[in-house]
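Here is how the chains run, residue by residue.
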Amino acid sequence: MGDKIDLKALLNGKSDRKKTLGLFDLSILGIGAIIGTGILVLTGIVAATDAGPGVIYSFLIAALASGLIGLCYSELTTSIPNSGSAYVYAWVTIGQKMAFFAGWTLLGVYITTTATVANGWTGYVHSFLREFGIVLPDALIKSPFNGGIVNLPAIIMILLVTLILTRGTSESKVLNNILVIVKLAIILLFIFVSLSDVQPKNWSPFLPYGTTGVFAGASTVFFAFLGFDALATSAEEVKDVQKTLPRAIIISLLVSTLLYVIVSLVMTGVMHYKNLNVPEAMSFVLIENGHGVAAQIVSGGAILGIIAVVLAFIYASSNITMSMSRGGFLPNNLATLNKKTGSPNKALWLIGLVASICAGLLDIKNLAIFANVGSLCVFFLISLMVLLLRRQHPELKRPFKVPFGRIIPILSMLVCVFLLANLPLNAWLNYFGWLVIGLIMYFFYSKKHIKIELEDTSTSGKGGDASDIDKDDDDDALLD
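Every chain is numbered independently, its residues counted from 1 as its sequence is written. Where local features are concerned, this predicted model is filtered to residues with pLDDT of at least 70; where side-chain atom pairs are given and counted, the filter is 80 or more; whole-chain, interface and lining totals use all residues. Based on all heavy atoms of the structure, the side-chain values leave hydrogens and waters out of the count.

Trainee: Give a description of the overall build of the protein chain that names residues and reports values.
Mentor: A helix here means a DSSP run of H or I that spans at least four residues, while a strand means a run of E at least two residues long, and both kinds are numbered starting from the N terminus. Along the backbone of the protein chain there are 17 helices and 0 strands. Sequence separation of 24 or more characterises 85% of the internal contacts of the protein chain that already satisfy a separation of 6 or more. For the area figures, the Shrake-Rupley method with a 1.4 Å probe applies, and any residue is considered shielded solely by the protein chains shown. Split by element, the accessible area of the protein chain, about 18600 Å² in all, is 67% carbon and sulfur. Throughout, a residue-residue contact means that at least one pair of heavy atoms, one from each residue, lies within 4.5 Å.

Trainee: Now, about the packing of aromatic side chains: what can you tell me, with residues and values included?
Mentor: Side-chain rings of Phe, Tyr and Trp, where Trp is taken by its six-membered ring, are said to pair if the distance between their centres is within 6.5 Å; with planes under 30 degrees apart they count as stacked, over 60 as edge-to-face, and otherwise as tilted. Per the counting criterion, the structure on display carries 19 aromatic pairs. Judged by centre distance (5.2 Å) and plane angle (85°), the ring pair of F100 and F101 falls under edge-to-face. Accessibility assignment for this pair places F100 and F101 in one class, buried. Between F100 and W104, the ring centres sit 5.7 Å apart and the planes meet at 15°, which makes this aromatic pair stacked. With F100 and W104 both in helix α6 (residues 96-130) and 4 residues apart, this pair spans about one turn of that helix. Per residue, the accessibility class of F100 equals that of W104, and both read buried. Think of it in three bands: residues with accessible area under 20% of the maximum for their type are buried, residues over 50% are exposed, and the middle band is partly exposed, with areas taken using a 1.4 Å probe on protein chains only.

Trainee: Could you give an account of a nonpolar patch on the surface, naming the residues involved and the relevant values?
Mentor: Taken together, the side chains of L140, L152, I156, L160 and L163 make up a nonpolar region of the molecular surface, amounting to roughly 400 Å² of accessible area. Tracing the backbone shows I156 in helix α7 (residues 152-165). Exposure above 30% relative accessible area and no salt bridge define the residues that can form patches, which grow by joining like charges within 9 Å and nonpolar side chains of Val, Leu, Ile, Met, Phe, Trp and Tyr within 5 Å. Think of a salt bridge as a Lys or Arg side-chain nitrogen and an Asp or Glu carboxyl oxygen that are within 4 Å of each other.

Trainee: Give a detailed account of the packing of α6 against helix α15 (residues 370-392), specifying residues and quantitative values.
Mentor: An axis is simply a line fitted to the C-alpha atoms; with a helix, the fit covers only the stretch in contact. Between two such axes, the angle follows the N-to-C directions and lies from 0 to 180 degrees. Running from amino to carboxyl end, α6 crosses α15 at an angle of 145°, the nearest separation of the two axes being 9 Å. When the axes of α6 and α15 are compared, the crossing they make is left-handed. Touching M98, A102, T105, L106, G108, V109, T112 and T113 of α6 are F370, A371, G374, S375, V378 and L381, all from α15. When grouped by side-chain class, the residues that make up the contact of α6 with α15 number 8 nonpolar, 6 polar and no charged. Two helices crossing with the near one rotated counterclockwise from the far one by less than a right angle form a left-handed crossing, whereas a clockwise rotation gives a right-handed crossing. When residue character is reported, Ala, Val, Leu, Ile, Met, Phe, Trp, Tyr, Cys and Pro are called nonpolar, Asp, Glu, Lys and Arg charged, and the others, Gly included, polar.

Trainee: Let's hear about the environment of F222: which residues, and what values?
Mentor: Take F222: it is sitting in the loop between α9 (210-221) and α10 (241-270). Residue F222 is classed as buried on the basis of its relative accessible area of 0%. Taking the C-alpha atoms as reference, F222 lies 8.7 Å from L419; in sequence the two are 197 residues apart. The residues touching F222, leaving out its near neighbours within four places in the chain, are A62, A65, S66, I69, N372, S375, L376, F379 and L419.

Trainee: Help me get a handle on the environment of T49, residues and values and all.
Mentor: Among the structural elements, T49 can be located in helix α3 (residues 37-51). Here the alpha-carbon distance between T49 and K274, two residues 225 residues apart in the chain, equals 7.6 Å. When residues no more than four places from it in sequence are discounted, the contact partners of T49 are Y209 and N277.

Trainee: I'd like to hear about unusual backbone geometry, residue by residue, with values.
Mentor: With an omega of 0°, the peptide bond between S204 and P205 qualifies as cis. Within the secondary structure, P205 is located in the loop between α8 (169-194) and α9. If you check the backbone angles, F404 has positive phi at about 65° while not being a glycine. Relative to the assigned elements, F404 resides in the loop between α15 and α16 (407-421). With a relative accessible area of 62%, F404 lands in the exposed category.

Trainee: Residue-level account of the pattern of salt bridges, with values.
Mentor: Here the structure, examined in full by the defined rule, presents 2 salt bridges. For R390, the salt bridge identified is with E75, shortest N-O distance 2.8 Å. Highlighted residues: R390 in helix α15 and E75 in helix α4 (residues 55-79), separated in sequence by 315 residues. Neither residue differs from the other here; R390 and E75 are each classed as buried.

Trainee: How would you explain α15 if you had to name every residue and give the values?
Mentor: The span expected for a helix works out to 1.5 Å for each residue beyond the first. Under the 1.5 Å per step criterion, the end-to-end length of α15 is 32 Å for 23 residues, consistent within 8% with the ideal 33 Å. Of all the 23 residues making up α15, 18 are buried; the element is thus mostly covered by neighbouring parts of the structure.

Trainee: Go over helix α12 (residues 292-326), please, and point to the residues and values.
Mentor: Over its 35 residues, α12 extends 52 Å from the first C-alpha to the last, a length consistent with the 51 Å expected when each residue adds 1.5 Å. One axis is fitted to the seven residues ending at the residue and one to the seven starting there. The bend at that residue is the angle between these axes. In α12, a bend of some 25° at A302 exceeds every other bend along the element. Summarising burial for α12: 31 of the 35 residues are buried, a large majority. G328 lies just past α12 and shows a positive phi near 90°.

Trainee: Tell me what's going on with the side chain of T116, and back it up with residues and numbers.
Mentor: In this structure, T116 sits in helix α6. The class of T116 is buried, set by a relative accessible area of 19%. Two N or O atoms count as a polar contact when they lie within 3.5 Å, although within protein this holds only if one can serve as hydrogen donor and the other as acceptor, and sequence-adjacent residues are included solely when both atoms are side-chain atoms. In this structure the side chain of T116 is engaged in a polar contact, spanning 2.8 Å, whose partner is the backbone oxygen of T112.

Trainee: Please set out the packing of α4 against α9 residue by residue, giving values where relevant.
Mentor: Two quantities define a packed helix pair, namely the angle between the helix axes and the distance between the axes. One way to put it is that α4 packs onto α9 with a least axis distance of 8 Å and a crossing angle of 55°. The orientation of α4 relative to α9 falls into the category oblique. Viewed along their axes, α4 and α9 form a crossing whose handedness is right-handed. Only G213, V214, F215, G217, A218 and V221 of α9 make contact with α4, whose side of the interface consists of Y57, S58, F59, I61 and A62. Class assignment of the residues belonging to the contact of α4 with α9 gives a composition of 8 nonpolar, 3 polar and no charged. Throughout, the term roughly parallel applies to angles under 35 degrees, roughly antiparallel to angles over 145, roughly perpendicular to angles from 65 to 115, and oblique to all others.

Trainee: How would you summarise the confidence of the model for the protein chain if you had to cite specific residues and measurements?
Mentor: On average, residues of the protein chain score 79 in pLDDT, and 84% of them are at 70 or above. Every residue is assigned a pLDDT by the predictor, reflecting its confidence on a scale from 0 to 100. Mean pLDDT values over the elements of the protein chain span from 63, in helix α14 (residues 364-368), up to 91, in α7. Note that residues 452-480 has pLDDT below 50 and, in this model, 58 contacts with residues that lie over four places away or in other chains.

Trainee: Which residues make up the side chain of K183, and what values go with them?
Mentor: In this fold, K183 is placed in helix α8. Every residue in contact with K183, bar those within four places of it in the chain, is listed here: G32, I35, G36, G305, A308 and V309.

Next comes the structure, spelled out in structure tokens:
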């Protein structure tokens, strides 16, 4: 076995987490994570700076890449229904070092994305309140790197979402479903109100920046599709996971891609693409065409809808943290489940605090672009691990199997490499900086604890299950 985890022991391990997520809940979770700042912010900016009206092709390319990766995810998550996602799959197929860096990369991607989205949320709050004569001081809505003191609204929002998640999945999913429905409603409102303002002449030229701009745009808007992989971290809480998870991944990608394409066409048809380089493109387009009331509704809905993105990524981050702590890569008390809610509250609060600090105090503009590098590297591994798992464990039951043999996993890897090649150098530098921090963590803590956890896993068959940790710790009721 070497430094790989025992697959049989992993599959025989038990989880105390309740199966509360059905197809609708999981699809809404995926749509909520994908339809966020991408459609509310990136659509206009990428059209203006990279692709023009051809931004629809950028979204289609990114969606195709996500679809290929989604199929690979589906095979792995239904074969190994564990909340650890790429971290666990890497441990099974490659070894503990790759497992750590896959998990560490996912944590960086989720935390940074959460902070980025929270900053965008503050912009919508500021814009919304300003229309009512309420002007928030720059010192309290900007980080020290942007001329302020702290981005206080972003911090408050992240901590409130974290508190809601500690109440348990059942309560959280109700809120998430409501927020996503609100977000879908304002998108449909924008489309309905703006259709009559579309002028086909604005679509000419359709590819002002050529195919190079389309591919550059695809690398940028790939950020918009990162949410679908968060579904893989929810495997332990999914009802009938073998059927539900693959369907939810495909449904969330199809619905999100359709909305991205329609919004892009309407937006670039209503206004010339050069004028769309603004963060609040939807409300901006509506205001410029005399739809002030609709613009306010869209802004208000965006404030609520973006919260669903933060909820999805904090939830996914806590699941990764919990899984890594089970394996000894992180302190094992982070895997503690609350006896009342069944949620990993210590992991949730750790992620919430780190994300809120990043959102409130750091200049996350440059830091956030590493999310594309990190996620594409993980997705490359996901595609590779489909092939490795087939070779190493041909006897493993696969309720869902990627069709056409090796073609789709290989094609998925090639697409990831192509998109990675189109990312700027500073994105790579930020990613390597995060890996250096992880390297220090691995050698000074993780390496000393993993072997013990591996022995416990192989002998007990429980995979370091969180239910055996801190059962009598009543003093930490809020945290665990």
